[in-house]
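# Observations on chain architecture
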Amino acid sequence: MQYLLLLHADEAQFAQMTPEQQQQGMAAYGAYGQALKEAGALLGSNRLRPAADSTTVRIVDGKTQVLDGPFADSKEELGGYYLIDVPDLDAALAWAARCPGASHGVVEVRPIWSMG
Amino acid sequence: MPDEMNPSEGGEQARLTAEAVARESYGKLVAFLAVRTGDVAAAEDALSEAFAAALTDWPVKGCPKNPEAWLLTVARRKSIDVLRGKRRHEAASEEFEAAAAILQSAPLEAEIPDERLAMMFACAHPAIEAGIRAPLILQAVLGLDAARIASAFLMSPAAMSKRLVRAKVKIRQTAIPFRVPERAELPARLDSILNAIYAAFSEGWTDPGGVDAARRDLTQEAIFLARLVAGLLPKEAEALGLLALLLYADARRCARRSADGEFVPLAEQDTVQWDARQIDEAEGLLRRACALGSIGRLQLEAAVQSAHVERCRTGRENWVEVVELYDGLFALARSPVVAINRALAIAEVFGAEAGLDAMPDAGGDVRLAEYQPYWAARAELLSRSGADAEARKAYEIAIGLERDAAVRRFLEKRRSGLSS
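Residues numbered from 1 in each chain as written. Chains lettered and ligands numbered in written order. Predicted model: local features only at pLDDT ≥ 70, side-chain atom pairs only at ≥ 80, totals over all residues.

## Section: the environment of B:Asp145
Residue and element names in this part refer to chain B. In this fold, Asp 145 is placed in the loop between helix 6 (130-142) and helix 7 (146-152). With 13 C-beta atoms packed within 10 Å, Asp 145 lands in the partly exposed category. For Asp 145 and Ile 132, which are 13 residues apart along the polypeptide, the C-alpha to C-alpha distance reads 14 Å. (Helix = DSSP H or I, 4+ residues; strand = E, 2+ residues; numbered from the N terminus. Buried ≥ 20, exposed ≤ 12 C-beta atoms within 10 Å, placed from the backbone.)

## Observations regarding unusual backbone geometry
The phi dihedral of A:Asp61 is positive, around 50°, even though this residue is not glycine. Its location among the elements puts A:Asp61 in the loop between strand 3 (55-60) and strand 4 (63-68). For A:Asp61, a count of 5 C-beta atoms within 10 Å translates into the label exposed. Within the chain, B:Ala175 stands out as a residue other than glycine whose phi angle is a positive 55°. Assessed through the 20 C-beta atoms surrounding it within 10 Å, B:Ala175 is described here as buried.

## Description of helix 18 (residues 372-384) of chain B
Residue and element names in this part refer to chain B. For helix 18, spanning 13 residues, the distance from its first C-alpha to its last is 18 Å, which sits close to the expected 18 Å at 1.5 Å a residue. In terms of burial, helix 18 is largely enclosed, as 10 of its 13 residues are buried. The set of residues buried in helix 18 consists of Tyr 374, Trp 375, Ala 376, Ala 377, Arg 378, Ala 379, Glu 380, Leu 381, Leu 382 and Ser 383. Buried residues in helix 18 make contact with helix 15 (336-350), helix 16 (352-358), helix 17 (366-369), helix 19 (388-401) and helix 20 (405-416). (Expected span 1.5 Å × (residues − 1). Contact = placed C-beta atoms within 7 Å.)

## Examining helix 3 (residues 89-98) of chain A
Listing the buried residues of helix 3 of chain A in full gives A:Leu89, A:Asp90, A:Ala92, A:Leu93, A:Trp95 and A:Ala96. Along its buried surface, helix 3 of chain A packs onto strand 1 (2-10), helix 2 (19-38), strand 5 (76-85), helix 4 (101-104) and strand 6 (105-111) of chain A.

Following this line, the structure appears as structure tokens:
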């Protein structure tokens, strides 16, 4: 089963940290990614640029509407993701709990819709 | 001699056998299929088709020697057909093929393994909405239909049915595992199953008059489930505690109403009417649970019941002990329900005013403001402390919140006893 771990967090928090704290935080993510890789569970992952760099597009009444900013404006923004392959939901939840993002934000676990 | 049976006799026999198997084996058969396919709904469908086939087949050919195995063989074949059909029509063919292969290779000889516990852990998984866990267990393990569960949980059948379907889809689509969790995780996960069973019992308990058969039976179904879990996990103290607790409560069923249907409070119940056999069983379970040395909320609640039984039977006051048990409970679970019962016990030892001081505050807590026992307890303590006007107001609210007519009459009698 494939699951997408979506990391939601308050971006302001990271900006407020000291450089050492930021470095520590990045190192924790590095180690987490490494552990996922070692376990053979990692399919892909990325950190996303801040929500301020986001642009949304939709077509309303045939007209393309382009808006500055993220889709949902909330304090906690989507900041990154891990795509993993594990046997079942419990295994996915265990990985989500180990993710540093679960300590300073929320990790959402979504199964991938298998298209065969 | 099946071929000598006349059709009506055979039909009756087949129906009785099918009913007996349904009662004993339904959950086992659903679990066998669901554990191997990850799909509770499909397992239920396959099994209901198998039962339908039995009712047409058995009256003609006679009941099979091993009805359970017969049903499983048919249900398994139906499941494989459905999985193969899905493989053709839907995209995720590999998974369906794998599930079909697992089903086909599963051995069918001798005893069918009991995997109901694994299925209950899937139904009570933290990823499943808490409010639907008890209905889901009742349906998957006992085969109760959505309409019956809905009426017990005061919900519309359509809404209940929709939520059950959604939960089963989530189990399948997110691959919630069907297994007993690891040692470290077990207590927390088991708690969720025990809570679900307790909730089912409580829903059934709210109809003490036994007017509504669907609700009354639910207490028996809950005891069946608690017995099942306690039997499968005999070293889990809280599982034993739950069964003890439910047996204590159920033992007093008959005594809760007078011959003319009036509500009888615990202190005035005729202890001879209590089911002594059930109480003995509960006492034994509680002793076994305590010997395991891991105290928990359900064991403490059962211990409170044990103390009530002891006091009512012997007439020896033991409210100090009860207060201590409630202190322990309150330290474990700071629930307002525990706080209310603790306050009532405190009043027995230290007087009504001390009890009132220990009552939780309903201001700001909407659930408490709508909780009948809170107002009934408040009214009782206020009236004992002589605050009649306030007591009258609290009785008024308690009566307005009560759905059992006999309890309403009891509260009205108490209210009219106040000096005006």
